[in-house]
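Report on the structure
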Amino acid sequence: MKQQGARVRTSVRALGLAIALAVPGAVMAAEPAAANAAPDVASAAGMSMVTFNLHHDREDWPSRRRTILAELKRLQPDAVALQEVIQRRNVRNQAQWLASQLGYKYVFVSTDPMDAPKRYGNALLTRRPILARGDHLLLPLDDYRTVAHLRIDVDGTPVNVYATHLNERSDESGQRIRRTQVEDLLRFITTTSAGAPVVIAGDFNALVDAGDLSELRSHYGDSYGSVHVNTDLSGVSTLNRHYYQAPSRIDHIFFQQDEMVAREAKLLFDQPDDSGRWASDHYGVWTRLQFAPKP
């Protein structure tokens, strides 16, 4: 949950961006509706997304990555947001490795220089064609938090996906920093989304109804909460209960409510593997979104 990458001077503004070539997968198209008949909601066009904090390379990454890869292969999400992604001399960039095994493209964003011996940051993976890409260092600059952006083609519909990881402090200072980061994130989205639907995923280090996320929530819906609206969510946690005592749902996938509808959402990696090893100290979140019908 904590940001632990090598720190660089505030004056270092350039974000490292790594792009890996891969072939995006295909998805089955929805069957056309009969003339004058309502479209089948279950087969309406849309996309799926995963967000997951990798816990960098702690606790036997070579074993953990096999569990993560198997689940992502099974789900075949259109996009994956990753946090706490690391690369070092003896560890291949984690996002790069996963993308290469999945046949996805990826972007990796870090405040660490491109030639640094260790780089740490966020990443986005996609199996869809990439229409645009970008990155941004969030204010305040001395907190070294980033956002990665891809605009992808989902069966002819452009969709913006953003991945971020906000400040981890639970005190008033952390709340102020997250509020500033959310405001800057929303400005970045305004300048880069080009009118296409928006999905924002990541480790926000805050509950969905926290005051520091209120500006974000006034614009975007909480996918997990929208799907489980009739469920008591107070006991739902994305922090792994094996590591953290109190439940805390701080990993979210937000969506633009006038453009998309959340249809399914569930936790991932919330059970250990056969050897008792956990995939991370966080659980992942998967959601399926549909495009809202146009007037």
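Going by the structure above, here's the rest.
Residues numbered from 1 in each chain as written. Predicted model: local features only at pLDDT ≥ 70, side-chain atom pairs only at ≥ 80, totals over all residues. Heavy atoms only, no water.

Observations regarding the pairing of strand β13 (residues 284-291)
Two faces make up the sheet, and in a regular strand the side chains alternate between them. β13 sits mainly inside the fold: 7 of its 8 residues count as buried. In terms of strand pairing, strand β2 (residues 46-53) meets β13 through 6 bridges, oriented antiparallel. From the neighbouring strand, methionine 47 faces β13, where its bridge partner is leucine 289. With 8 bridges connecting them, strand β12 (residues 260-268) and β13 associate as antiparallel partners. (Buried < 20%, exposed > 50% of the residue type's maximum accessible area, 1.4 Å probe, protein only. Helix = DSSP H or I, 4+ residues; strand = E, 2+ residues; numbered from the N terminus. Pairing = 2+ DSSP bridges.)

Focus on the sheet that holds strand β8 (residues 157-165)
Pairing is mixed in the open sheet, where 6 strands are placed in the order β6-β7-β8-β9-β11-β10. The open sheet is flanked by β6 (130-137) and β10 (220-222), the only strands paired with a single partner. Strand after strand, the sheet turns through a mean of 20° between neighbouring axes, direction not considered. For β10 and strand β11 (residues 251-256), the ladder comprises 3 bridges, and the chain directions are antiparallel. Along β11, the bridge assignment pairs aspartate 222 with phenylalanine 254. (Axes fitted to C-alpha atoms, helices over the stretch in contact; angles between N-to-C directions.)

A closer look at the side chain of aspartate 57
Examined against the element boundaries, aspartate 57 turns out to sit in the loop between β2 and α1 (61-75). A distance of 2.9 Å separates polar atoms of two side chains, one belonging to aspartate 57 and the other to arginine 88. When sequence neighbours within four positions are dropped, the list of residues in contact with aspartate 57 reads Arg64, Ile86, Arg88, Val91 and Gln94. (Polar contact = N/O pair within 3.5 Å; in protein donor to acceptor, adjacent residues only side chain to side chain. Contact = heavy atoms within 4.5 Å.)

As for the packing of aromatic side chains
The relative placement of two aromatic rings is captured by the distance of their centres and the angle of their planes. Scanning the entire structure with this criterion turns up 4 aromatic pairs. Taken together, a centroid distance of 6.0 Å and an interplanar angle of 80° make the contact between tyrosine 162 and phenylalanine 188 edge-to-face. Of this pair, tyrosine 162 sits in strand β8 while phenylalanine 188 sits in helix α3 (residues 172-192), placing them 26 residues apart in sequence. By relative accessible area, which is 9% here, phenylalanine 188 ends up buried. For the ring pair tryptophan 278 and tyrosine 283, a centre distance of 6.4 Å and an interplane angle of 40° mean the geometry is tilted. The ring of tryptophan 97 is capped by arginine 65, whose NZ or CZ atom sits 4.0 Å from the centre of that ring. In this structure, lysine 266 is placed above the aromatic ring of tryptophan 286, and the distance from its NZ or CZ to the ring centre is 5.3 Å. (Phe/Tyr/Trp six-rings, centres within 6.5 Å; stacked < 30°, edge-to-face > 60°. Lys NZ or Arg CZ within 6 Å of the ring centre and 35° of its normal.)

Notes on the side chain of histidine 149
Its location among the elements puts histidine 149 in strand β7 (residues 146-154). The buried category is assigned to histidine 149, whose relative accessible area is 2%. At 2.8 Å, the side chain of histidine 149 forms a polar contact with the side chain of asparagine 160. In this structure histidine 149 touches Leu124, Ala132, Arg133, Gly134, Asn160, Val161, Tyr162, Phe188 and Thr192, once residues within four positions along its chain are discounted.

Considerations on the packing of α1 against helix α2 (residues 94-102)
A pair of packed helices can be characterised by two numbers: the angle between their axes and the separation between those axes. Their axes nearest at 11 Å, the elements α1 and α2 cross at an angle of 45°. Taken as axis vectors, α1 and α2 run oblique relative to one another. As α1 packs across α2, the resulting crossing turns out to be right-handed. Only Gln94, Trp97, Leu98, Gln101 and Leu102 of α2 make contact with α1, whose side of the interface consists of Trp61, Arg65, Ile68, Leu69, Leu72 and Lys73. (Parallel < 35°, antiparallel > 145°, perpendicular 65-115°, else oblique. Left-handed = near helix turned anticlockwise from the far one by under 90°.)

Structural notes on the pattern of salt bridges
Per the stated rule, a full pass over the model turns up 14 salt bridges. As a salt-bridge pair, aspartate 171 and arginine 169 come within 2.6 Å of each other at their nearest N and O atoms. Its relative accessible area of 33% is what places aspartate 171 among the partly exposed residues. Where salt bridges share partners, they join Asp78, Arg127, Arg128 and Asp155 into one cluster. (Salt bridge = Lys/Arg side-chain N within 4 Å of Asp/Glu carboxyl O.)

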